[in-house]
Amino acid sequence: MILTIDLSNTHITMGGAENGGIRFSCRMATDRTRTPDEYAVLMRLLLSDQGVAAGDLEGCILSSVVPELTIPISRAAETITGTRTMVVGPGVKTGLNIRLDDPSELGSDFVAAAVAAQDAYPLPVATVTMDTAMGIGVIDAGGSYIGGVIAPGVMVSTAALTRRASLLHDVIPRAPGHIICKKTDESLRSGIIYGAAAMLDGLLLGIDEELGQHVNVVATGLWARTVVPHCRRSGIVVDPDLIHKGLWLIWKKNQKK
């Protein structure tokens, strides 16, 4: 089994990849103050809760968009697996044809999601990652990664609004059941969830128009299951393990035959 880790600004998600499938996934909060030893302890506890022992893991691959934590998490994983952590970045084979002005700018989470989507879904396809940000990556009919969109995520939008408006307070983002609301907290939840769904609908429509064809869509991330059901666009697939599947594929591409 391979340990796959997706390190984002809000959460660190771990998965157990085996024979192309994801056997388990779990998450912990991203904390920039923790040491590698502290992370190793937490990771061991989470793995134990999943019934996974260190001896079950033959390696680890990491996707990180938090540079200051890349080394601490890598070292924590190495403590557990006893092997060097593969970090997605320059020098790692992905098989993805990235057609950007500067391919090095593309986040490794975008890369992993695109690799998995290209492998499992019909082209052209858009990947939607809904965590701290709402990130959309676009792969054209020829299999090339041609660009994407980055927009504020659900929690970022909520925090920005409640901090700037004195009469608004934090709410748990969930759909209130109707768009027009009679209470302030419900109105806020309506705007956050239905607003995110409407933004995604609009962005996907614009992508269709720019490409001149209908794009298949696969969504992942913490908020995908909350937002996608309220989109008017039909056919959006929610795949919570998309990035971990991509990390597994990248791992396999980099193993010596």
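Our subject is the structure that appears above.
In this report, we go over the structure that sits alongside the text. Within every chain, residues take consecutive numbers counted from 1 along the sequence as written. Only residues with pLDDT of at least 70 get local features here, since the model is predicted, and only at 80 or more are side-chain atom pairs given and counted; chain-wide, interface and lining totals rely on the full set of residues. Note that water and hydrogens are dropped before the side-chain values are worked out from all heavy atoms of the structure.

**Quick notes on helix H5 (residues 184-211)**
Moving on, step 1. Going along the chain from the N terminus, every DSSP run of H or I of four or more residues is numbered as a helix, and every run of E of two or more is numbered as a strand. Helix span is expected to be 1.5 Å times the residue number reduced by one. When the terminal C-alpha atoms of H5 are compared, their 40 Å separation across 28 residues agrees well with the 40 Å that a helix rising 1.5 Å per residue should span.
Moving on, step 2. At glycine 195, H5 shows its largest bend, some 25 degrees.
Moving on, step 3. Glycine 212, located one to two residues past H5, shows a positive phi value of around 75 degrees. Consider a residue and the seven residues that end there alongside the seven that start there; fitting an axis to each set, the bend is the angle between those axes.

**What about the pattern of salt bridges?**
Moving on, step 1. The rule for a salt bridge is simple: a side-chain nitrogen of Lys or Arg has to be within 4 Å of a carboxyl oxygen of Asp or Glu. Evaluation of the coordinates by the stated rule reveals 6 salt bridges.
Moving on, step 2. With a shortest N-O distance of 3.3 Å, arginine 99 and aspartate 140 are connected by a salt bridge. Of the two residues, arginine 99 is situated in the loop between strand S6 (97-98) and helix H3 (108-120) and aspartate 140 in the loop between strand S8 (133-139) and strand S9 (144-152); the sequence distance between them amounts to 41 residues.
Moving on, step 3. For arginine 233, the salt bridge goes to aspartate 208, with nearest N and O atoms at 2.8 Å. With arginine 233 in the loop between helix H6 (224-227) and strand S11 (237-238) and aspartate 208 in helix H5, this pair connects stretches of sequence that are 25 residues apart. As far as burial versus exposure is concerned, arginine 233 and aspartate 208 are alike and both buried. Only protein chains enter the accessibility calculation, which uses a 1.4 Å probe; a residue is then buried when its area is under 20% of its type maximum, exposed when over 50%, and partly exposed in between.

**A word on the pairing of S9**
Moving on, step 1. In the sheet, S6 pairs with S9 via 2 bridges, with the strands oriented parallel. Within S9, the position partnered with asparagine 97 by the bridge is serine 144.
Moving on, step 2. Two strands qualify as a pair provided DSSP detects at least 2 bridges between them. Looking at chain direction, S8 and S9 are connected through 7 bridges and run antiparallel. Directly across from methionine 134, in S9, lies its bridge partner alanine 151.

**Let's talk about the packing of H3 against helix H7 (residues 242-253)**
Moving on, step 1. Look at H3 against H7: their axes get within 7 Å of each other, and the N-to-C directions meet at 85 degrees. Taken together, H3 and H7 sit at an angle that is classed as roughly perpendicular. On H7, the residues that touch Asp109, Val111, Ala112, Ala113, Val115, Ala116, Ala117 and Asp119 of H3 are Leu242, Ile243, Lys245, Gly246, Leu247, Leu249, Ile250 and Lys253.
Moving on, step 2. Lys, Arg, Asp and Glu make up the charged group, whereas Ala, Val, Leu, Ile, Met, Phe, Trp, Tyr, Cys and Pro make up the nonpolar group; the residues left over, Gly among them, are polar. Within the contact of H3 with H7, the residues separate by chemical class into 11 nonpolar, 1 polar and 4 charged. Orientation is described by axes fitted as lines to C-alpha atoms, over the contacting stretch for helices, and by angles from 0 to 180 degrees between their N-to-C directions. Throughout, the term roughly parallel applies to angles under 35 degrees, roughly antiparallel to angles over 145, roughly perpendicular to angles from 65 to 115, and oblique to all others. It only takes one pair of heavy atoms within 4.5 Å for two residues to be counted as in contact.

**Thoughts on the sheet that holds strand S1 (residues 2-7)**
Hydrogen bonds between backbone atoms are what pair the strands of a sheet, whose relative direction is either parallel or antiparallel.
Moving on, step 1. The strand order across the open sheet formed by 5 strands is S3-S2-S1-S4-S5, and the pairing between neighbours is mixed. With partners counted over all chains shown, the strands left at the sheet margins are strand S3 (21-29) and strand S5 (86-87), one partner each.
Moving on, step 2. In the sheet, S1 pairs with strand S2 (residues 11-18) via 6 bridges, with the strands oriented antiparallel. Each bridged residue has a counterpart across the sheet, and for leucine 7 the counterpart in S2 is isoleucine 12.
Moving on, step 3. Contacting S1, S2, strand S4 (59-64) and S5, helix H2 (residues 67-81) crosses the sheet at an angle of about 165 degrees to S4.

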